[in-house]
Amino acid sequence: MANVLLFVVAAACVLTLQVSAIDPIEHKEGHCMWYSECGLNPETNKTVPCYYNGPAKPLTDPIGRQILEDLCPNLAVDDYLTCCDTGQLQTLQFSTTFPQSAFGRCPACLQNFMQLNCQQTCSPDASLYLNATRTYFNANPEFNATQVIEVDYYLTKEFGYDTYYSCNEVLFPSTNSPVIGLMCGQYTADECTPERWYGYMGSVSNGVTPFPLNYIMVENGTVLPDGIEPMDREVVPCNEAPTNDTYSCSCQDCAKSCGAPLERPPEEEPWLIADMDAIVFIMIMVFCGFVVLYVAVLIIYYAAIKDDDDEDTDKKKLAATVSKEDVNCIQTAGFVMHKYLSAIFRRWGVFASTNPVKVILVALTLATICACGNIFIIVTVDPIDLWVSDDSPCLQEKNYFDEHFQPFWRVSQVIITATNPKDHVYRTWPDGIAENFGPVLDREFLHQVLDLQNYITNMSVYYEPNDDYITLSDTCYKALEPDNMKCVIQSPLQYYQNDHAKLDKVVSEDSFGNNLEYSADYRDHFLYCVKSPSTVQCTTPYADMCLAEYGGPNFAYTCMGGFDGDNYNNASAILITFLNDNYVDNDEAVDKAKVWEKAFLETVSTWNNPNFTLAYYSERSIEDELIRSSQADILTVTLSYVFIFFYITIALGEIYRCDKRLLIDSKLTLGFGGILLILCSVFAAMGVYGYIGVETTLIVIEVVPFLLLAVGADMMFIFVLDYQRTERLEGETREEHIGRVLGSVAPSMLLCSLSESVAFFLGALTTMPAVRTFALYAGLAVLFDFLLLVSAFVALLALDLKRQEGGRFDICCCIPPQTKEKPQHKELLHTFMKKYYAPFIVNKWVRAFVMIFFVGFLCLCITWTSMLKVGLDASLSMPRDSYVIDFFYGLGSYLSVGSPIYFVVATGFNYSDIPGQNKICGGAGCNEDSLTQQIYYASLDPEYSTIGLPAMSWIDDYFDWLSPQRSAFRPCCREFVRGPTTGDFCPADYDHKNFPIGASECESCLELDQRGQRPTVSQFNEFLPWYLEDNPNYYCSKGGKAAYGDAVELFPDETYGATSFLTYHTVLLTSQEITDGLRKARMLADNITASLNADGGDYYVFPYSLSYIYYEQYLTIVDDSIYQLSIALLAVFVVSFLLLGFDLMSTICIVLTIAMIVVDTLGCMYLWGIDLNAVSLVNLVMAVGMSVEFISHITRYFATCTLPSRVARSKQAVAHVGSSILSGVALTNLAGIIPLAFAKSQLFEVFYFRMFLLITVIGCAHSLIFQPVLLIYLGPSMNKAILLHEQKEAVKDRENVYANAGMELDDNNHGREKTDMEPMSGHKS
């Protein structure tokens, strides 16, 4: 910003204080109080006018007339009678440079403001409202005249107030702050009033006004000195155009110009029924309805039907046999599927156990070949690659932004607070107003902060690849490169150009050596610069630059924290931000930045200053902490797997006593071998994808082994325990025994494995990379797990049984046999389940309670699921002791604005013509629904829109930069008109002398008669590149390079690529807040796009913020979750339906219970503070697979059992399979889950310990409590085809038995003595 001194236009006029005897001023029309200029005021060293008590004079000088027509057209009438000459007009013109530029975007304000000063400086009736109260005789021979050195300026209160209120809302685009705040002294825009504004403009303390100018606003009826009439001219309201060829002020600059306030879209009203949450109400009704219906059915059933269910029906004999006519086709299909699967696995089991070594070698060889692909595996840790799909709009927008603009910088930040905070009060220049200053603005504290900042800036960091040292200068972003090679560092020390000497600077004397009543130091400079960060020189006696060392503005809201409102001096924290360049295709540059960031983190973490409390962060921090978290929990995860190993090896053994059989009956080798086979399946699956080139993730490495251990352990327990419970038949070999057991259990294992695998593979249809990768790896790993367990594990079991039956020790199998005693099988858990638990759970009263409880719990969980939060807070992914958590806390505690957000207009929009400009800009004449205007509207309601500030508009600042109104002498846009560089850009600071119009080497780009008008198309295109390359300087603070150098993409053919408009979000900390911010920003961008296309066209606007790409997934995570889980359940349904031989009821029972497990897990996630996100979605997909293990085994056993009643079959299923499920998947999971509770990573503790525990407990409860009861009510009827087959097999067995006993069966299948007589030919026997 140009010197704020310039905008105090009051300085353009005159004053007088009585030091010499003068004739009293005649206050009448056509009479003056001053004329011409009489040298320097001895009190301020600034030019002041001459005292003149006479009639107005005609202005004859052409240059003076031209300036008068330009600045004060209302006075350029008749004979140009004025009370000013050309010199005064030139002073007025120069001193109003800034106001013309700043207020120029609001024509009414500018006209009113200039009228205030023109009437004071040049009006022929000035004596009516001006009164010289002090004068001074200048004896210099050059002048020898009386100077005016103090003046009273009388205004009507109405004029004064109306002028103020026509200007008080005009914005300065590059700072997004009201201009009035830069012209009100120590008061902010919100604190400014008409009295304070006029008081500051008339005070010599502003550094511009040459003499005290006392604005006196009087109300009607006020008694005034003789002849005085307060100045009262028509004030144009800001919502009206002052002339026919200008516009009214825009809504951004004038609230009266705004239409009806934008109303928030109607908030979705809560869904209520009977003043109660609808879902709660519905669930209550569903539960009550279910209970009433269920109890009614039970009462009717037990009252009207004989209750046979509780009899010991498994001991009853069938009253009648089943014939072929009793068997339907569905039962036949189920029997055929059961028969052939059992036969295939039985034969395979015999083969594998007969040739164990060969099978193991072949299986391990194939697994090893597959596992070798791990050398090609690539582990993805980039969050974008993990969570963002290729067709993600945010990813496409990020790529677009990176391609058309510079990629968003790599940010390193440190938040500094005082260890012992203590405020202090300082009396500010010039009036000694007491201002409170926070602890971080203590001078010594700032010196120490600067020491840290300078050390970080200058530290040398060794870069090993080049065997060289680098500094921040080698990696940082330089906004004004090559003109200024300083790094962009956002810090309050930039107000002092990072100079210790400027912090110590104290000014106690004015320019004449007179002592100031109140000195000016770094605090006065701070108060000035936070309001005017683009100022080249502040107007306090401190008189130094506010621009940062790198040449651009430093906004207080980006470097101060913990203040109230705009009172930055109350700050309790300093935020220093280092910006490193980022690249898409320069790996070495990015690597250097990462090396520097590592040194930054090490430096800040070890910085020793007892006065500091530091919170810090760099671009690499999250990735570093995720890796550290994984490494820190290696011991925890290892301990988890060790627990699983010990549990499996002990639980598989037949250890019932501590004697000589202890080491014989243990299964350490078998358990260890089984675990190795499970891990082999994981490595084999990863290897296959390594060959293919599918990247893996840490989630796969962490979750898939756990899933496979649970699934594999379940299958191992079912197989081994079933073998141990099954007696070997007479004459049956060990290999045949193994084959028979495998034929019995393998179909169930196949059902579970294939259901899980297909569910996972279908889950890979998702667009979310992390979920897709997990699904692919899990699906293939489950298949490998099944294949290895039915091959190598079967062979391993055969070898272990051979050892055990031979009486050899486990592990040390080479030791000679110790005993030939036959091992005894005493399974306590199986006994408990069979004798006590199974009869209990199928009891009719228990069944009723179970159904009511589980349905009620399901209704509760549906209610809780509707309250489940969506998202993943970044702090949750960090270890508990991570410095990043402290930094996030600091952001929440001290930050005043949120992350930057760019509204990007895609390539193709035409900015050069006025209709196109009006759709973008925010100044006078711009459309009410323009891009800038809509963002402004949004910023008025930050709580809803999450937009914290109006947009920084390059096009509005460009219009101001182009405007010839900045003054004829020093406009921002100038071109050389003489010399060898004719036609080139002439910077505003090139020529430091003021020349009359036409005499300068450089002239304005636009003619003065274009004042208040837009440039032509050719002018717009010609001068825009100059604007974007112009550095801010003393004479022109609006050079666009610092603020907009990267915001506009220009093509050589004068067409426009993408452009961006920067604003800031409000402080958004939680994932829910950030997701809502993204949603609201997209709504705003869609509205802007619609406005741009209102007259036709295909333009596109999108919002871009660095965090969007990580949180976009949460906009659709609910739909994605429903889709993923539905696909998984559909896969389970299809596979179960096929492998169960089209048994619809069994399939429904499986899918229904798994769905209940998932819903109950979701509800409990709400209770335990687990949000729905991609990590929990992976776990939920895994829960579907794991639930198949819980549910399918018991359901298949029920479906194939031939006991006569559902109660009997349910009891038998629980007794036979329940112990295997409990000791297999349930207790194996618990053994591995418990150590995760002590993980250092919050991510592990929340999403692995809590979720895995929920899945295991809920799954186990549904498997062993709910499913047996559900099968009694909804389970399939007995499969008569299987019963018919068993009857036939039983007849064959009895025939063999009686044949061996010399007996035969009669027609009723009863035994009788075989007759010795053979039937005679031709006779019936």
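For the structure itself, look to the data block above.
Quick caveat, the model's predicted, so the values are computed rather than measured.

A. Seen up close, the sheet that holds strand 25 (residues 900-905). Read from one edge of the open sheet, 4 strands run 28-29-25-30, paired in antiparallel fashion. Of all the strands in the sheet, just strand 28 (1048-1050) and strand 30 (1101-1104) have a single pairing partner and so form its edges. The mean angle between the axes of side-by-side strands here comes to 20°, regardless of whether they run parallel or antiparallel. Of the pairings in the sheet, the one linking strand 28 to strand 29 (residues 1056-1064) comprises 2 bridges and is antiparallel in character. Across the sheet, the residue bridging to valine 1048 is threonine 1059, located in strand 29. Relative to the sheet, helix 28 (residues 931-939) contacts strand 25, strand 29 and strand 30, its axis offset from that of strand 29 by approximately 15°.

B. Fine view of helix 14 (residues 522-529). Counting buried positions along helix 14 yields 8 of 8 residues, so the element is predominantly enclosed. Turning to helix 14, its buried residues are Tyr522, Arg523, Asp524, His525, Phe526, Leu527, Tyr528 and Cys529.

C. Structural detail: the nonpolar core. One finds Ile648, Val704, Leu707, Phe719, Phe774, Phe1247 and Tyr1248 to be the most contacted residues of the largest nonpolar core, which totals 161 residues. For phenylalanine 719, the residues in contact, after removing those within four places along its chain, are Ile738, Val741, Leu742, Val745, Phe793, Val794 and Leu797. In this structure, Leu450, Ile470, Phe887 and Ile955 belong to the second largest nonpolar core, which totals 139 residues.

D. Main features of the packing of helix 18 (residues 634-652) against helix 20 (residues 668-692). Where helix 18 contacts helix 20, the two axes come as close as 8 Å, and the packing angle between them is 135°. Compared by their axis directions, helix 18 and helix 20 come out oblique. Along this stretch, helix 18 crosses helix 20, giving a crossing that reads as right-handed. Between helix 18 and helix 20, the contacting residues are Ile644, Phe645, Ile648, Thr649 and Leu652 on the first element and Leu668, Gly671, Phe672 and Ile675 on the second. Across the contact of helix 18 with helix 20, the residue classes tally to 7 nonpolar, 2 polar and no charged.

E. Structural detail: the state of the cysteines. On inspection of all chains with the given rule, the structure shows 15 disulfides. Between the sulfur of cysteine 32 and that of cysteine 83 lies a disulfide, 1.9 Å long from S to S. Between cysteine 32 and cysteine 83, the S-S dihedral sits near -85°, and the bridge is therefore left-handed. With cysteine 32 in the segment before strand 1 (34-40) and cysteine 83 in the loop between strand 4 (81-82) and helix 2 (86-95), this residue pair connects regions lying 51 residues apart in the sequence. Pair check on accessibility: cysteine 32 and cysteine 83 agree, each one buried. Here cysteine 106 is linked by a disulfide to cysteine 249, with a sulfur-sulfur distance of 1.7 Å. Handedness here is read from the sign of the S-S torsion; for cysteine 106 and cysteine 249, about 80°, the answer is right-handed. Placement of cysteine 106 in the loop between helix 3 (97-103) and helix 4 (107-121) and of cysteine 249 in the loop between strand 9 (213-218) and strand 10 (272-273) is noted, with a sequence separation of 143 residues between them. In terms of burial, cysteine 106 and cysteine 249 fall into one category: buried. The thiol sulfur of cysteine 1201 is not disulfide-bonded, and the nearest other cysteine sulfur, from cysteine 1149, lies at 15 Å.

F. Layout of unusual backbone geometry. In this chain, tryptophan 429 is followed by proline 430 through a cis amide linkage whose omega measures 5°. One can find proline 430 in the loop between strand 14 (424-428) and strand 15 (433-437). Cis geometry is found at the peptide bond from glutamate 481 to proline 482, where omega equals 5°. Here proline 482 is to be found in the loop between strand 17 (468-470) and strand 18 (489-490). A positive phi is found at asparagine 144, a non-glycine position, where the angle reads about 50°. Following the sequence through the fold, asparagine 144 ends up in the loop between strand 5 (130-138) and strand 6 (145-156). A relative accessible area of 49% means that asparagine 144 is categorised as partly exposed.

G. Structural context of the pairing of strand 25. The element strand 25 is largely enclosed, with a buried count of 6 among its 6 residues. Across the two faces of strand 25 the burial is the same, with Pro900, Tyr902 and Val904 and Ile901, Phe903 and Val905 all buried. In this sheet, strand 29 lies alongside strand 25 in antiparallel orientation, the contact comprising 6 bridges. For valine 904, the partnering residue across the bridge sits in strand 29 and is serine 1060. Both strand 25 and strand 30 contribute to a ladder of 4 bridges, which runs antiparallel. When the sheet's bridge partners are listed, valine 905 is paired in strand 30 with valine 1101.

H. Spatial organisation of a nonpolar patch on the surface. Together, Val362, Leu366, Ile369, Ile375, Phe376, Tyr691 and Ile692 line one region of the surface with nonpolar side chains, adding up to about 770 Å² of accessible area. Secondary structure elements with two or more residues in the nonpolar patch: helix 9 (356-371) and helix 20. Note that valine 362 resides in helix 9. Given a relative accessible area of 48%, valine 362 falls into the partly exposed group.

I. Structural detail: the packing of aromatic side chains. One pass over the full model with this rule turns up 75 aromatic pairs. Between tyrosine 958 and tyrosine 1027 the ring centres are 5.1 Å apart and the planes differ by 40°, which places this aromatic pair in the tilted class. Taken together, the positions of tyrosine 958 in helix 30 (residues 954-962) and tyrosine 1027 in helix 31 (residues 1017-1029) put the pair 69 residues apart, joining distant regions of the chain. By relative accessible area, tyrosine 958 is classed as buried at 0%. Its relative accessible area of 0% is what places tyrosine 1027 among the buried residues. Positioned above the aromatic ring of tyrosine 426, the side-chain terminus of arginine 523 is 3.9 Å from the ring centre. In this arrangement the basic side chain of arginine 1209 is found over the ring face of phenylalanine 1198, its NZ or CZ atom lying 4.4 Å from the centre.

J. Just the pattern of salt bridges, in detail. Using the criterion set out here, one finds 30 salt bridges in the structure. With a closest N to O distance of 3.4 Å, lysine 919 and aspartate 1095 form a salt bridge. Of this pair, lysine 919 sits in the loop between helix 27 (914-918) and helix 28 while aspartate 1095 is found in the loop between helix 33 (1071-1092) and strand 30, placing the two residues 176 residues apart along the sequence. With a relative accessible area of 12%, lysine 919 lands in the buried category. One salt bridge connects arginine 1082 with glutamate 1112, and the closest N-O pair in it is separated by 2.8 Å. Residue arginine 1082 is found in helix 33, and its partner glutamate 1112 is found in the loop between helix 34 (1108-1111) and helix 35 (1113-1139); the two are separated by 30 residues along the sequence. Taken together, the shared-partner salt bridges connect Glu43, Arg134 and Glu150 into one network.

K. Main features of the packing of helix 21 (residues 698-725) against helix 23 (residues 769-805). One can describe the packing of helix 21 onto helix 23 by two numbers: an axis separation of 9 Å at closest approach and a directional angle of 35°. Judged by the sense of rotation from one axis to the other, the crossing of helix 21 with helix 23 is right-handed. In terms of residue class, the contact of helix 21 with helix 23 is made up of 22 nonpolar, 2 polar and 2 charged.

L. Helix 17 (residues 621-632), seen in detail. The end-to-end C-alpha distance of helix 17 is 16 Å, a good match for the 16 Å that 12 residues give at a rise of 1.5 Å each. If you follow the buried residues of helix 17, they end up packed against helix 16 (587-605), strand 23 (612-617), helix 18, helix 21 and helix 26 (883-894).

M. Representation of a negative patch on the surface within the structure. On the surface, a cluster of negative charge is made up of Asp382, Asp385, Asp390, Asp391, Glu623 and Glu695. With respect to the helices and strands, the residue aspartate 390 is situated in the loop between helix 10 (383-387) and helix 11 (393-404).

N. A positive patch on the surface, seen in detail. Among the surface-exposed residues, Lys324, Lys339, Lys1288 and Lys1292 lie close enough to one another that they form a single positively charged patch. Turning to its location among the elements, lysine 324 is positioned in the loop between helix 7 (278-304) and helix 8 (329-354). Residue lysine 324 is classed as exposed on the basis of its relative accessible area, which comes to 61%.

O. Layout of the environment of asparagine 214. Along the polypeptide, asparagine 214 turns up in strand 9. For asparagine 214, a relative accessible area of 28% corresponds to the partly exposed category. As a C-alpha pair, asparagine 214 and glycine 199 span 15 residues in sequence and 7.2 Å in three-dimensional space. Every residue in contact with asparagine 214, bar those within four places of it in the chain, is listed here: Glu150, Val151, Asp152 and Tyr153.

Parameters at a glance
- Residues numbered from 1 in each chain as written.
- Predicted model: local features only at pLDDT ≥ 70, side-chain atom pairs only at ≥ 80, totals over all residues.
- Heavy atoms only, no water.
- Pairing = 2+ DSSP bridges.
- Helix = DSSP H or I, 4+ residues; strand = E, 2+ residues; numbered from the N terminus.
- Axes fitted to C-alpha atoms, helices over the stretch in contact; angles between N-to-C directions.
- Contact = heavy atoms within 4.5 Å.
- Buried < 20%, exposed > 50% of the residue type's maximum accessible area, 1.4 Å probe, protein only.
- Core = buried A, V, L, I, M, F, W, Y, C linked by side-chain atoms within 4.5 Å.
- Parallel < 35°, antiparallel > 145°, perpendicular 65-115°, else oblique.
- Left-handed = near helix turned anticlockwise from the far one by under 90°.
- Nonpolar A, V, L, I, M, F, W, Y, C, P; charged D, E, K, R; others polar.
- Disulfide = S-S within 2.5 Å.
- Patch = residues over 30% accessible without salt bridge, like charges linked within 9 Å, V, L, I, M, F, W, Y side chains within 5 Å.
- Areas by Shrake-Rupley, 256 points an atom, 1.4 Å probe, with all protein chains shown as cover.
- Salt bridge = Lys/Arg side-chain N within 4 Å of Asp/Glu carboxyl O.
- Phe/Tyr/Trp six-rings, centres within 6.5 Å; stacked < 30°, edge-to-face > 60°.
- Lys NZ or Arg CZ within 6 Å of the ring centre and 35° of its normal.
- Expected span 1.5 Å × (residues − 1).
- Lys, Arg positive; Asp, Glu negative; His and termini not counted.
- Charge placed at Lys NZ, Arg CZ, Asp CG, Glu CD.

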